[in-house]
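Structural features, examined
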Amino acid sequence: MPGPDPRLPGMYTTVRGISRDTIKEIETEECEVLGRCLQVVQVVGLKVTPAGVGAALGEARGLPVEGGADVGGVSRCGPGWQVAELLSGVRGCGSGDATQHNTTAHRWTRRGSRGSLKVRLSRQYRVTGIPCLVLIDSRSGQVITRAGREKVTGDPEGHHFPWRPRPVGDILAASRLVDPQGQEVVYDAIKSAYKGLYFSAHWCPPCKAFTPQLVAAYEKMKKKEENFHMIFISSDRSEESWRTYHNTMPWPSLAWEEKEARNELASSLEVNGIPTLVVLDPDNSVITTDGRSQFSDDSTLERFPWRPQSVEVLGERHTGKLHESPCLVLFTDGDATELQFGRDVLLPVAEEYLLEHSHQGGLTLHFFVAGEDEVADSVRDYACLEDVVPLVAILDLAEGSKFLLEDGVEVSTATVHNFVTRYTNDKLKPLPIRPGAAEATGAS
């Protein structure tokens, strides 16, 4: 590991969990690069804390503690920063740690008694693979970037640390756009429009299947929202492939030479696969990064441009959300009247909850009304729920737990509000999501 830099001003700290399995990885070039940006503090376990608490955690475990770093331009960002990296397989990251240190935890770990800290932080910051470095502004609690590992690799001297992403509009404005014939398109002409950024590539079979559907729907989209334009963001491997593929589309593309802008857009919008359709407001704020699934669910474009809804009807595209985040589901018999009843009951509760808790990332509760279909039946079967309606349940698949509105309680906005309040305040007793599996685990 790199030693402390003699110029350390004590501005930055990294708290890093280390297990035997990761020692070899920590000795890699990537970590040496990170060491030139930040002084690494070895801590068993993980906690994202206000500045200074990381040192206290290290001292509590008798581990060496150092200050921050002023290397490669890091000091330009100012004092009071705290950075945390989450690595899977770290010992001592269980609920005991969360409880022991909950006096120093941020608001997003206030329910410290529920679940392991490692799992909760993974979900809070939507960590899907390791190694992963997330940079957070400790003054606001806002995520700067979840792509810290890629930023370290691409900027080994830390010249642009802490790698604050440029606004999407600034990236597009500074990039060259061309139409399928190669003629330049002036960004100012579409600057104030709704935009669809289509991340795709000629070599990708799912992309080649989806692109004709999107092309066919494009004119319908423009009729639905007249001030709407698409931009192709290519992941092709050669200029020839890009040109050939772009010729199948009626909209402009980032020019081939804009590789850095393409990568920057993908990183800023957290595009992890293709095809991906991101829909932007005229002010370039994100409406949805899941335009492909939205289109599959809404091929008639009735809900386009697919703004987020506080309460949604549970469908196949939500299965990922069920595994990532806790979800409240009101199960009905699927009749249109009952689905509307479910929305009416949940909407005031969901809007109030999301107004207060939307900052919690993967820990935010999502609200669904479900009918009687394959998706709802699969969820019921997996969570071992009774086949009764109406039924209100909070399902936390990642934690392996569920919470049920008590039998005999009338389903209304008031009772669901009380149910959610007790859940938020940790006043509900969790039940195992699959009792049989829990008993088998306990017996073994």
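Now for a look at the structure at hand. (Residues numbered from 1 in each chain as written. Predicted model: local features only at pLDDT ≥ 70, side-chain atom pairs only at ≥ 80, totals over all residues. Heavy atoms only, no water.)

**Some words on the overall build of the chain**
Put simply, the rule reads: Strands are runs of DSSP state E lasting at least two residues, helices are runs of H or I lasting at least four, and both sets are numbered from the N terminus onward. The buried label applies to any residue whose accessible area, calculated with a 1.4 Å probe on protein chains only, is under 20% of its type's maximum; exposed applies above 50%, and partly exposed to all values in between. Method for areas: the Shrake-Rupley scheme with a 1.4 Å probe, in which residue coverage is limited to the protein chains shown.
The helix and strand tally for the chain stands at 16 helices and 18 strands. For the chain, with 444 residues in total, the buried portion stands at 48%. Of the roughly 21,200 Å² of accessible surface on the chain, 49% is carried by carbon and sulfur atoms.

**Re helix α15 (residues 413-424)**
Formally: Multiply 1.5 Å by the residue count of a helix minus one, and that product is the helix's expected span. Working rule for contacts: check all heavy atoms of both residues, and any pair within 4.5 Å makes them a contact.
With 12 residues, α15 should cover 16 Å at 1.5 Å per step; its first-to-last C-alpha distance of 16 Å lies within 8% of that length. Buried residues in α15 make contact with β14 (327-331), α13 (336-357), β15 (366-370), β16 (391-396) and β17 (401-404). Positive phi appears at D426, one or two residues downstream of α15, with a value of about 65 degrees.

**A closer look at the packing of aromatic side chains**
Each aromatic ring pair is described using two quantities: the centre-to-centre distance and the angle formed by the ring planes. Threshold: Between the rings of Phe, Tyr and Trp (Trp by its six-membered ring), a pair exists once the centres lie within 6.5 Å; its type follows the angle of the planes, with under 30 degrees stacked, over 60 edge-to-face, and the other angles tilted. Cation placement over rings: the criterion is NZ of Lys or CZ of Arg within 6 Å of the ring centroid and within 35° of the ring normal.
Tallying each qualifying case throughout the model produces 12 aromatic pairs. Taking the centre distance of 4.9 Å and the plane angle of 85 degrees together, the rings of F304 and W306 count as edge-to-face. As far as the burial class goes, F304 and W306 line up, both buried. An aromatic cluster of at least three residues, connected via ring pairs, comprises Y198, F210, Y218, F228, W251, F295, F304 and W306. Taking the ring centre of W256 as reference, the NZ or CZ of R262 above it sits at 4.9 Å. Positioned above the aromatic ring of F210, the side-chain terminus of R292 is 5.9 Å from the ring centre.

**A short note on the packing of α13 against α15**
Under the convention used in this document: For helices, the fitted axis covers only the stretch in contact; all axes are lines through C-alpha atoms, and the angles between them, taken along N-to-C directions, range from 0 to 180 degrees. Should an angle fall under 35 degrees it is taken as roughly parallel, and over 145 as roughly antiparallel, whereas 65 to 115 is taken as roughly perpendicular and any remaining angle as oblique. The hand of a helix crossing depends on one turn: near helix anticlockwise from the far one by less than a right angle means left-handed, and clockwise means right-handed. Residues are grouped as follows: Ala, Val, Leu, Ile, Met, Phe, Trp, Tyr, Cys and Pro are nonpolar; Asp, Glu, Lys and Arg are charged; every other residue, Gly included, is polar.
It is at 8 Å that the axes of α13 and α15 come closest, and there the two elements cross at 30 degrees. In terms of orientation, α13 and α15 fall into the roughly parallel class. Between α13 and α15 lies a crossing whose hand is right-handed. Within the contact between the two elements, α13 uses D344, V345, L346, P348, V349, E352, Y353 and H357 and α15 uses T413, V416, H417, V420 and T424. Its residues placed into classes, the contact of α13 with α15 shows 7 nonpolar, 4 polar and 2 charged.

**What about the nonpolar core?**
Applied cut-off: Among buried residues, those of type Ala, Val, Leu, Ile, Met, Phe, Trp, Tyr and Cys that are joined through side-chain atoms within 4.5 Å constitute a nonpolar core.
Grouped together as the largest cluster of nonpolar side chains are 26 residues, with contacts concentrated most on Y198, L214, M221, M230, W251 and W306. For L214, the contacting residues outside a window of four places in its chain are Y198, M221, M230, W251 and L277. Core analysis: the second largest hydrophobic core is formed by 22 residues, V349, L365, V392 and L405 among them.

**Focus: the sheet that holds strand β18 (residues 431-432)**
Selection rule: Between any two strands, at least two bridges found by DSSP are needed for them to pair.
Read across the open sheet, the 6 strands follow the order β13-β15-β14-β16-β17-β18; overall the sheet is mixed. Single-partner strands in this sheet number two, and they are β13 (311-313) and β18. Where β17 and β18 come together, 2 bridges link them in antiparallel fashion. In the strand pairing of β18, K402 is matched with L431.

**Considering helix α10 (residues 259-268)**
Inclusion rule: Each direction from the helix axis to a C-beta atom contributes to the arc, which is the arc of those directions.
Of all the positions in α10, only A261, R262, E264 and L265 are classed as buried. The arc enclosing the buried residues of α10, seen along the axis, measures out at 165 degrees, which places them on a common side. Residues K259 and E260 are exposed on α10 and point more than 90 degrees away from its buried face. Phi turns positive, to about 55 degrees, at E270, one or two residues after α10.

**Here we look at the pattern of salt bridges**
How we decide: We define a salt bridge as a side-chain nitrogen of Lys or Arg found within 4 Å of a carboxyl oxygen belonging to Asp or Glu.
Evaluated as defined, the whole model comprises 10 salt bridges. The salt bridge involving E264 is made with R166; its shortest N-O contact spans 2.8 Å. With E264 in helix α10 and R166 in the loop between α6 (148-154) and α7 (168-173), this pair connects stretches of sequence that are 98 residues apart. The buried category is assigned to E264, whose relative accessible area is 17%. The exposure class assigned to R166 is partly exposed, which follows from its relative accessible area of 36%. For E257, the salt bridge goes to R176, with nearest N and O atoms at 2.8 Å. Pair noted here: E257 is in the loop between β10 (253-254) and α10 and R176 is in the loop between α7 and β6 (177-178), with a separation of 81 residues, a long-range link. Residue E257 is classed as exposed on the basis of its relative accessible area of 52%. Owing to a relative accessible area of 30%, R176 belongs among the partly exposed residues under this scheme.

**Re unusual backbone geometry**
With omega at 0 degrees, the peptide bond leading from I274 into P275 counts as cis. Within the fold, P275 resides in the loop between α10 and β11 (276-280). Here F304 and P305 are connected by a cis peptide whose omega angle stands at 15 degrees. Within the element layout of this structure, P305 appears in the loop between α11 (291-297) and β13. Even without being a glycine, L301 presents a positive backbone phi close to 65 degrees. If you trace the backbone, L301 turns up in the loop between α11 and β13.

**Notes on a negative patch on the surface**
Rules: Note on patches: the residues involved have over 30% relative accessible area and no salt bridge, like charges join within 9 Å, and the nonpolar side chains Val, Leu, Ile, Met, Phe, Trp and Tyr join within 5 Å. In this tally Asp and Glu are treated as negative and Lys and Arg as positive; neither His nor the chain ends contributes. Here the site of a charge means NZ on Lys, CZ on Arg, CG on Asp, or CD on Glu.
A contiguous patch of negative charge, built from E316, D333, D335, E372, D373, E374, D377, D381 and D387, is present on the exposed surface. As for its placement among the helices and strands, D377 is situated in helix α14 (residues 374-383). The class for D377 is partly exposed, based on a relative accessible area of 38%.

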